[in-house]
Amino acid sequence: MKKIKLLSVIIAIVLVISSLFVVLAACDNGPADISEIIEDGQKMTTAELIAKAKEEKGEFNAYGNTSRIAAAMTGFLAKYGEELGLDSSTAHASKQSDSQIYTLLTNEYISSNNSKAASMVMIQDGAQLVLYREQSKILQNYVPSTMKDKVDENDLVPLVHQYINKLFMWNKTGKGADLVVNNVWQVVDDDFMQGRTIYFKSPVNEQVNMNFLIMLTKDEWANKLAAAYKALYNKDIVLDSDCPNAGYQWVKAFVKKASFAINSDTTICEDLNKSDNAGNLGLFVLSKTRDLTTNNLQVAAWKEVENQLVSVNPFAGFMYPMYCQLASNGPRPYTAMLFINYLMEEDGFEPWAEWGAYSTNPDIAIQQGDRELSFWRNTLVIEDASYISNKKASVSDFVSGVIASK
């Protein structure tokens, strides 16, 4: 019965989204196509973009699902505001959830008055972005001329501003001092865990966490998990009847084992760092460790034993992108392109310049003590937005069924 209700909810959501796309596609009074503006802008120098931006009217607004976009806007205004005739009363950046961003953009797209509409967004849920890019013209991609030969070609469309990672970490004090996780099957093994708790924000409330679990059902990762199981136990994995591959099997075991008691990565980090959590584990955003005055956490991905880096078979966590896109009905597309240029450079990346955030511009150095983006590409599960989009309903239903049975 619970599965039937969940499926009904998913179908209802799909129908709402589908009807939204029908409305957008049928809207005769939609905004003019800005693809030609973008095509021209992608060839322009900074000076040329500034000249065009100075001609634009209306407010310059941006949405992002990161609070740091507001700090980035402050820096942008300090650098270009006077020249563009913009200040804090005419240029704003606000944090919104991805769902809120799409609701705002949809309303602004069909509005006849776009003077206060957003011209640029930073968004995170790649699977949802795939749908909107395929079925509407609300969002448009832009690649700065200075970045097209620097950024990895796989990160150009849609443009990835940065990658963020969620990693296995544990409290290394007390009984965590000698803990070594070198295989992900260990964290779902009762004998290995010995009563330890692993904290993970509920995938029902955190789409990024659900995306991580969905990715593990892909054949590529399922095969790696099957090999990791054999490497640990010296025998082939036996799948439950409801698990099509080893990815589903690990997801099932992990969801059953994980504690969803804390619904915030920030709080997971802070609580796990306390002495009374010695030896317990978590899978959460590395950047949350930035505010710890004393860091008692060990990152599994760079645990050293006898001066040797212990690799985690077959992954040490998850990495997902933050995208920059232009809003089609924004009043200031050239200003938005200039802002994206700024965000892709070192001074514009400053609000995110710390552990756990990795610019796709290779000229921007990582923080001392962290690892290069290339290291994480080889160590973590990386979001495949198209796969997640295709499998989202079915795997979400599977995960929710496991949660319901806990």
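Before any of the text, the structure's been laid out above.
Summary of the structure given here.

Observations concerning the nonpolar core
And then number 1: Membership of the largest hydrophobic core comes to 129 residues, with the highest contact counts inside it found for Trp250, Phe254 and Phe339.
And then number 2: Ignoring anything within four residues of it in the chain, the contact list for Phe339 reads Phe60, Ala62, Ile69, Ala72, Met73, Phe76 and Met120.

Remarks on the pairing of strand 11 (residues 317–327)
And then number 1: In terms of residue burial, strand 11 counts as a mostly covered element, since 11 of its 11 residues are buried.
And then number 2: On strand 11, burial covers both faces: Gly317, Met319, Pro321, Tyr323, Gln325 and Ala327 on one face and Phe318, Tyr320, Met322, Cys324 and Leu326 on the other are all buried.
And then number 3: The pairing of strand 3 (residues 118–123) with strand 11 spans four bridges and is antiparallel. Paired with Met122 across the bridge in strand 11 is Cys324.
And then number 4: In the sheet, strand 4 (residues 139–140) pairs with strand 11 via two bridges, with the strands oriented antiparallel. Paired with Leu139 across the two strands is Ala327, which belongs to strand 11.
And then number 5: Looking at chain direction, strand 11 and strand 13 (residues 381–382) are connected through two bridges and run parallel.

Let's talk about the layout of surface pockets
And then number 1: Estimated volume of the second largest pocket: approximately 410 Å³.
And then number 2: In terms of lining, the second largest pocket is formed by 20 residues, of which the most central are Asn154, Val157, Pro158, Tyr323 and Ala385.
And then number 3: The element that contributes the greatest number of residues to the lining of the second largest pocket is helix 6 (residues 126–135), accounting for five residues.
And then number 4: Class assignment for the residues of the lining of the second largest pocket results in 10 nonpolar, three polar and seven charged.

Regarding a negative patch on the surface
And then number 1: The grouping of Asp33, Glu36, Glu39 and Asp40 at the surface amounts to a negative patch.
And then number 2: Relative to the elements of secondary structure, Asp33 occurs in the loop between helix 1 (2–26) and helix 2 (35–41).

A short note on empty space enclosed by the protein
And then number 1: Here the structure, examined in full by the defined rule, presents one cavity of 30 Å³ or more.
And then number 2: Space inside the largest cavity adds up to approximately 40 Å³.
And then number 3: Taken together, Leu105, Glu108, Tyr109, Ala117, Ala118, Ile138, Ala327, Ser328 and Asn329 make up the lining of the largest cavity.
And then number 4: The leading source of residues in the lining of the largest cavity is helix 5 (residues 98–109), at three residues.
And then number 5: Within the lining of the largest cavity, the residues separate by chemical class into six nonpolar, two polar and one charged.

Here's the deal with the packing of aromatic side chains
And then number 1: Summed over all chains, the structure comprises 25 aromatic pairs.
And then number 2: Taken together, a centroid distance of 4.7 Å and an interplanar angle of 10 degrees make the contact between Trp250 and Phe254 stacked. Of this pair, Trp250 and Phe254 both sit in helix 10 (residues 246–257), separated by four residues, roughly a single helical turn.
And then number 3: Overall, Trp250 belongs to the buried group, its relative accessible area being 0%.
And then number 4: Through pairs of rings, three or more aromatic residues link up here, namely Phe168, Phe200, Phe212, Trp221, Trp250, Phe254, Phe315, Phe318 and Tyr320.
And then number 5: One cation-aromatic arrangement involves Lys224 over Trp221; the distance from NZ or CZ to the ring centre is 4.1 Å.
And then number 6: The ring of Phe260 carries the charged tip of Lys406 above its face, separated from the ring centre by 4.2 Å.

Some points on helix 3 (residues 46–53)
And then number 1: For helix 3, every residue scored as buried is listed here: Leu49, Ile50 and Ala53. The buried residues of helix 3 occupy an angular sector of 100 degrees when projected down its axis, which confines them to one face.

Observations regarding the side chain of Asn277
And then number 1: Residue placement: Asn277 occurs in the loop between helix 11 (265–272) and strand 7 (281–285).
And then number 2: Judged by relative accessible area, which is 10%, Asn277 ranks as buried.
And then number 3: At 2.8 Å, the side chain of Asn277 and the backbone oxygen of Asp271 are in polar contact.
And then number 4: Ignoring sequence-local partners within four residues, the contact set of Asn277 consists of Asn171, Tyr199, Asp271 and Leu272.

About the cut-offs
Residues numbered from 1 in each chain as written. Predicted model: local features only at pLDDT ≥ 70, side-chain atom pairs only at ≥ 80, totals over all residues. Heavy atoms only, no water. Core = buried A, V, L, I, M, F, W, Y, C linked by side-chain atoms within 4.5 Å. Buried < 20%, exposed > 50% of the residue type's maximum accessible area, 1.4 Å probe, protein only. Contact = heavy atoms within 4.5 Å. Helix = DSSP H or I, 4+ residues; strand = E, 2+ residues; numbered from the N terminus. Pairing = 2+ DSSP bridges. 1 Å grid on protein atoms, 1.4 Å probe; cavity = no way out; pocket = protein on both sides within 12 Å on 5 of 7 lines; lining within 4 Å. Points joined across faces, edges and corners; volume = space filled by probe spheres on them. Nonpolar A, V, L, I, M, F, W, Y, C, P; charged D, E, K, R; others polar. Patch = residues over 30% accessible without salt bridge, like charges linked within 9 Å, V, L, I, M, F, W, Y side chains within 5 Å. Areas by Shrake-Rupley, 256 points an atom, 1.4 Å probe, with all protein chains shown as cover. Salt bridge = Lys/Arg side-chain N within 4 Å of Asp/Glu carboxyl O. Lys, Arg positive; Asp, Glu negative; His and termini not counted. Charge placed at Lys NZ, Arg CZ, Asp CG, Glu CD. Phe/Tyr/Trp six-rings, centres within 6.5 Å; stacked < 30°, edge-to-face > 60°. Lys NZ or Arg CZ within 6 Å of the ring centre and 35° of its normal. Arc of directions from axis to C-beta. Polar contact = N/O pair within 3.5 Å; in protein donor to acceptor, adjacent residues only side chain to side chain.

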